[in-house]
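# Structural overview for review
Spelled out, the chains give:
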Amino acid sequence: VYNGLSRLFAMAFNIPYTWCVVTMAAFTALYVILGGYMATAINDFIQGIIMLIGIVAVIAAVLNGQGGFMNAIAEMAKIPSDVPLTQGQPGAFTSFFGPDPVNLLGVVLLTSLGTWGLPQMIHKFYTIRSEKAIATGTVISTLFAVIVAGGCYFLGGFGRLFSDQIDIAANGYDSVIPTMLSGLPDVLLAVVVVLVLSASMSTLSSLVLTSSSTLTLDLLKDHVWKDMDQKRQVFVMRCLIVVFIAISVVLAIIQYRSSVTFIAQLMGVSWGALAGAFLAPFLYGLYWKKATSAACWASFLFSTVVMLSNIFVGSRFPALLQSPINAGAFCMLAGLVIVPVVSLFTRKPDPVLVEDAFSCYNKPVI
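A brief structural summary. (Residues numbered from 1 in each chain as written. Predicted model: local features only at pLDDT ≥ 70, side-chain atom pairs only at ≥ 80, totals over all residues. Heavy atoms only, no water.)

## Some points on the packing of aromatic side chains
Taken as a whole, this structure holds 9 aromatic pairs when the rule is applied. Here F302 and F330 contribute two aromatic rings whose centre-to-centre distance is 6.0 Å and whose plane-to-plane angle is 55°, an arrangement assigned as tilted. Of this pair, F302 sits in helix α12 (residues 293-313) while F330 sits in helix α13 (residues 324-345), placing them 28 residues apart in sequence. Residue classification places F302 among the partly exposed residues on the basis of a relative accessible area of 27%. Feature note: the residues F278, F282, W297 and F300 constitute an aromatic cluster, connected by ring pairs. (Phe/Tyr/Trp six-rings, centres within 6.5 Å; stacked < 30°, edge-to-face > 60°. Helix = DSSP H or I, 4+ residues; strand = E, 2+ residues; numbered from the N terminus. Buried < 20%, exposed > 50% of the residue type's maximum accessible area, 1.4 Å probe, protein only.)

Below you can see the structure in the form of structure tokens.
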């Protein structure tokens, strides 16, 4: 989040990375601490509208700068592929799955299936007020995903048309999108900055809110701090929001000086560890009464160990899983197998507790 936003701000305003990180963190902390959960939800709604408008405008502007859609496709067809499978043949970048469909599948799994298991995504369901809102939300979120995610894939595919303007060895792949946007008119560039700022702040606020509430309500309350009333809960959560945002700032600045700066790699590690750990427990916990505690722990540990190993000894992994993106996708799929298999051989949950939990499905909320 910090990496992408800071590159864009540096391109548009020549603002140093560290100042971008600190300023964004301060703004996010301000509205999450003062407004709490509803402020975050309302901000997400407004930011979502900005994202919808922004991605359409950016695609139109970038294609227009390349002489239109058909001309951009024609230029793409002239580029020889650098993937050995295609033997350098031109036209590989105009096929539907591109020159490397296996690695593309890893990206698709990570960015689509992965969102099912991210805690910051799951927490948004707490705002649902009725059964009707679920149906409405399903339609709205699906359309949003098609436009924003589909638009990002579509736009990213034309990145190679700008390869002659970028020194990949010096600036990395993350310089492609800022380069694509650098030629936009000032008004549209301003829209893009707000677009990326919206997406970044939405993600950051959701993460810190989920982290602080989980730590306060599930760990500290009744376990560490007895008789924690509502007022104290809110105060502790606000303090933890500041702590988590401060940690994220420190990590972002350290990461900026490390060798791993490719956003997709960072995303592969974080989403692989998080979604790999939580996806299967969330999914089976909602629809299957036989999932066990031990199976959930097995899913947690497997994904955490695999992704940490990928960071430090990734070169020893099989060739396909050396990429953090593919390793993250593998963890998600593995969890879907681990939870049911381990559940068959471990202690079953209390039937009374399970039936009580599943009883909510029998009570429609109007």
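On we go from here.
## Observations concerning the nonpolar core
Membership of the largest hydrophobic core comes to 46 residues, with the highest contact counts inside it found for Y2, V58, F158, M180, L181, I241 and I245. If you list the elements that add at least two residues to this core, you get α1 (2-13), α2 (17-65), α3 (69-77), α6 (131-156), α8 (176-181), α9 (186-220) and α10 (230-256). It is α2 that contributes the most residues to this core, 16 residues altogether. Every residue in contact with I241, bar those within four places of it in the chain, is listed here: V32, I33, V208, L209 and S212. With 8 residues, the next largest nonpolar core counts L118, W271, L279 and I325 among its residues. (Core = buried A, V, L, I, M, F, W, Y, C linked by side-chain atoms within 4.5 Å. Contact = heavy atoms within 4.5 Å.)

## Describing the environment of S299
Within the secondary structure, S299 sits in helix α12. A sequence separation of 32 residues divides S299 from C331, and the C-alpha atoms of the two residues are 8.7 Å apart. Not counting chain neighbours up to four residues away, the residues in contact with S299 comprise G276, A277, A280, P281, G335, I338 and V339.

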